[in-house]
Amino acid sequence: VKRIYFDNNATTPPHPLVKAKVLEWLEIWGNPSSIHIDGRGPKTALRDARQIIASSLGAKALEIVFTSGGSESNNFIIKGHFFRTPKLRNHYLVGATEHPSVMETFEWLKTEGAEVEVIPVERDGTVDLEKYESMIRPTTSLVSFMLANNETGVIYPIKKMAKIAHAKGTTFHSDCVQGLGKMRFNFHDLDIDYATVSAHKFYGLRGCGVAYCKTGNTPESLIKGGGQERHRRAGTENILSILSLAEMIKTLPQIDSEIERIRSLRDKLESEIQNSISGVYITGRNQKRLCNTSNMIINGVDGETLLMNLDMKGASVSTGAACSSGSQEPSPALRAMGLTIAEAQSTLRLSLGFENTESDVDRFCEILVPTVNRLRSLDLRELKSNGI
Ligand SMILES: Cc1ncc(COP(=O)(O)O)c(C=O)c1O
């Protein structure tokens, strides 16, 4: 039987549209910087891809910088901005639930002398905008706040937040990696200065990220070398992955019905689980959320143990962020939202994608319900044998 893949926020399977073209793209193997004819094809392909991506995301072609992925884009934007900012303007704000590629970059900026403060996020996912506004100082150089959270799917009010930052003369970056293909947005409408997306989170191939840098914002390049990406990122371009992103971006104008299909699968999944298992709380349920993501606390069940049991029974899920599983540390983002350690360790993240069907939802519930019941009864027996 087909496995159930509910871990699309970690990475997505390549889309059939991408798979169908990979061999064709492999023929465009030349170096786009070469002057001869073998370089001209890739150069044109790269230019067209950049144009498709830019116009669909509300950017100008020259505002798109290709990198190796979301992590590199975040590093480039944040560090590169810092390196170009006068040292007197040394205050930074970062959201409490950012991905490690943002959070750890700011941790590093601190060691370079920056003052970094964290914008709190409430347990239900809300951001107190008045408090946020009061945190911005005349010396605040950059605010970084994600469009949608990878663990809970909560969508944040980025447009409002960028407006508040701009009114105070501060630059705004948003990590939009999880939003791409799951909600409608564009950089121009959001009126942000920097943004990040990544191809492999939207059915493209690993190895291409976009750093959107609005005209007038040029971070210092982290990778020195050739003049690619207008000296903002050296290195021969990953044409294959860039073309896969452009191919997926071309589907965006028709994506609304797919978003609604996935949303209704996710809603069905949540209500079936809550109807058959007691003590299940869905984080951010009353907030605007991504169509595909569900993050639930299942009381009395260890998330890691549950994940391994579900894996053996044919379902791939995650608990907290994929990058932190393997370590038993509860997710820092969930902790920052005010979940206790025990709650954070009892979370299950289900993230759906284009391959999922109603049958996956039904089959998943058939696996999950007995597994949770069994783990809970084991837990109870253990407590009893300990005389509690
Ligand atoms: C919100 C967010 N930002 C950035 C990244 C990093 O992207 P990449 O894996 O392309 O480096 C991820 C991936 O987990 C993510 O979820």
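Here goes a summary of the coordinates provided. Fair warning: this is a prediction, and the values are worked out from it, not measured in the lab. (Residues numbered from 1 in each chain as written. Predicted model: local features only at pLDDT ≥ 70, side-chain atom pairs only at ≥ 80, totals over all residues. Heavy atoms only, no water.)

1. A closer look at the overall build of the protein chain
Looking only at helices and strands, the protein chain features 15 helices and 12 strands. Its C-alpha atoms give the protein chain a radius of gyration of 22 Å, near enough to 21 Å, the size a compact globule of 388 residues would have. For the protein chain, contacts bridging at least 24 residues in sequence account for 74% of all contacts bridging at least 6. For the protein chain, the accessible area works out to roughly 17,000 Å², and carbon and sulfur atoms hold 55% of it. (Helix = DSSP H or I, 4+ residues; strand = E, 2+ residues; numbered from the N terminus. Rg over C-alpha atoms; globule rule 2.2 N^0.38 Å. Contact = heavy atoms within 4.5 Å. Areas by Shrake-Rupley, 256 points an atom, 1.4 Å probe, with all protein chains shown as cover.)

2. A look at a nonpolar patch on the surface
Taken together, the side chains of Phe83, Trp108, Leu222 and Ile223 make up a nonpolar region of the molecular surface, amounting to roughly 320 Å² of accessible area. Its location among the elements puts Phe83 in helix H4 (residues 70–83). (Patch = residues over 30% accessible without salt bridge, like charges linked within 9 Å, V, L, I, M, F, W, Y side chains within 5 Å. Salt bridge = Lys/Arg side-chain N within 4 Å of Asp/Glu carboxyl O.)

3. Quick notes on the sheet that holds strand S10 (residues 293–298)
With antiparallel pairing, 3 strands are arranged side by side in an open sheet as S9-S10-S12. Every other strand in the sheet has two partners, leaving strand S9 (280–282) and strand S12 (347–351) as the edge strands with one partner each. The average undirected angle you get between the axes of adjacent strands in this sheet is 25 degrees. Pairing between S9 and S10: 3 bridges, direction antiparallel. Bridge pairing links Tyr281 to Ile297 in S10. (Pairing = 2+ DSSP bridges. Axes fitted to C-alpha atoms, helices over the stretch in contact; angles between N-to-C directions.)

4. A short note on the nonpolar core
Counting residues in each nonpolar core, the largest one holds 96 residues, and the members touching the most others are Phe172, Phe187, Ile192, Ile273, Leu348 and Phe364. Counting residues per element, this core draws most heavily on helix H15 (residues 358–385), at 8 residues. Excluding residues that lie within four positions of it along the chain, Ile273 makes contacts with Val280, Met296, Leu350, Phe364, Cys365 and Leu368. Among the nonpolar cores identified, the runner-up in size contains 17 residues, and Phe76, Ile78, Val94 and Val102 belong to it. (Core = buried A, V, L, I, M, F, W, Y, C linked by side-chain atoms within 4.5 Å. Buried < 20%, exposed > 50% of the residue type's maximum accessible area, 1.4 Å probe, protein only.)

5. Brief notes about the pairing of S12
Across the 5 residues that make up S12, a large majority, 5, are buried. Side chains of S12 alternate between two faces, with Thr347, Arg349 and Ser351 and Leu348 and Leu350 buried alike. With 5 bridges joining them, S10 and S12 adopt antiparallel strand pairing. Pairing of Ser294 across the sheet is with Leu350, part of S12.

This is a description of form; function is not addressed.
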